[in-house]
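# What the coordinates show
What follows is the residue order along each chain.
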Amino acid sequence: MATSIQVGDVVRTSYGDREYTVTHVIRDCVCPEYVRSLSGDTRPSAAHDHLSCRDSESRGGYALNGYAESPDGIHSVWHPRDRLVVVDHAGTRQLELAF
């Protein structure tokens with residue numbers, strides 16, 4: 001199942017503490033896992049999304065690939081322990097003002 005992640009959402013992976021802002025989403029892909037495809041296994045994977053992102057310092061070029069949504073969250077279809085957490089949905093983060 002495709003994720004509910006939208007362009008502008010801020011996400012974090014389960015294996016790091018860096019936050020990424022989503023800049024592009026490719027939905028419902030069924031490409032095989034890259035490493036598996038190197039050995040000639042081209043069977044389709046479960047439907048998943050590919051996310052292009054930039055980090056909080058506005059650097060681009062990050063890809064979070066192979067994620068799908070299930071009742072227990074957003075996880076990698078290739079490595080189920082890898083998860084995404086949506087830190088902020090597009091346009092909902094509020095800034096703190098210091099006086």
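Scroll up to find the structure this text is about.
Residues numbered from 1 in each chain as written. Predicted model: local features only at pLDDT ≥ 70, side-chain atom pairs only at ≥ 80, totals over all residues. Heavy atoms only, no water.

## Here we look at the pattern of salt bridges
Throughout the structure, instances matching the rule amount to five salt bridges. A salt bridge links Glu-19 to Arg-12, with the shortest nitrogen-to-oxygen separation between them at 3.6 Å. Between Asp-41 and Arg-36 there is a salt bridge; the shortest N-O distance is 3.4 Å. What makes Asp-41 buried here is its relative accessible area of 17%. (Salt bridge = Lys/Arg side-chain N within 4 Å of Asp/Glu carboxyl O. Buried < 20%, exposed > 50% of the residue type's maximum accessible area, 1.4 Å probe, protein only.)

## Points about the pairing of strand S6 (residues 83-88)
Within a regular strand, side chains alternate between the sheet's two faces. One ladder, built from four bridges, connects strand S1 (residues 10-13) with S6; its direction is antiparallel. Bridge pairing in S6 links Val-10 to Asp-88. Alignment of strand S5 (residues 73-76) against S6, held across two bridges, turns out to be antiparallel. Bridging across to S6, His-75 finds its partner in Arg-83. Hairpin connection, S5 to S6: the antiparallel pair is bridged by six residues. (Pairing = 2+ DSSP bridges. Helix = DSSP H or I, 4+ residues; strand = E, 2+ residues; numbered from the N terminus.)

## Section: the pairing of strand S3 (residues 48-55)
Where burial is concerned, most of S3 is hidden: six out of the eight residues are buried. Bridge analysis of strand S2 (residues 19-29) against S3 gives seven bridges, and the strand direction is antiparallel. Within the sheet, the bridge partner assigned to His-24 lies in S3 and is Ser-52. In this sheet, strand S4 (residues 62-70) lies alongside S3 in antiparallel orientation, the contact comprising five bridges. Each residue of the ladder has a partner; that of Leu-51, found in S4, is Leu-64. Between S3 and S4, which pair antiparallel in sequence order, lie six residues; one of them, Ser-58, sits at a positive phi of approximately 65 degrees.

## Comments concerning the state of the cysteines
Considering all chains together, one arrives at zero disulfides under this definition. We note that Cys-29 lacks a disulfide partner, and the nearest cysteine sulfur, in Cys-31, lies 3.5 Å from it. Under the relative-accessibility criterion, Cys-31 is labelled partly exposed at 26%. (Disulfide = S-S within 2.5 Å.)

## Re the side chain of Thr-13
Residue position: Thr-13 is located in strand S1. Classification of Thr-13 as buried rests on a relative accessible area of 6%. Within the local environment of Thr-13, its side chain forms a polar contact with the backbone nitrogen of Gly-16, the two atoms lying 3.2 Å apart. Ignoring sequence-local partners within four residues, the contact set of Thr-13 consists of Tyr-20, Leu-64, Arg-83 and Leu-84. (Polar contact = N/O pair within 3.5 Å; in protein donor to acceptor, adjacent residues only side chain to side chain. Contact = heavy atoms within 4.5 Å.)

## Section: the environment of Asp-49
Note on placement: Asp-49 falls in strand S3. Note: C-alpha distance between Asp-49 and Thr-13 (36 residues apart in sequence) is 15 Å. Those residues in contact with Asp-49, other than ones at most four positions away along the chain, are Ala-2, Thr-3, Val-25, Ile-26, Arg-27, Asp-28, Leu-64, Asn-65, Gly-66 and Tyr-67.

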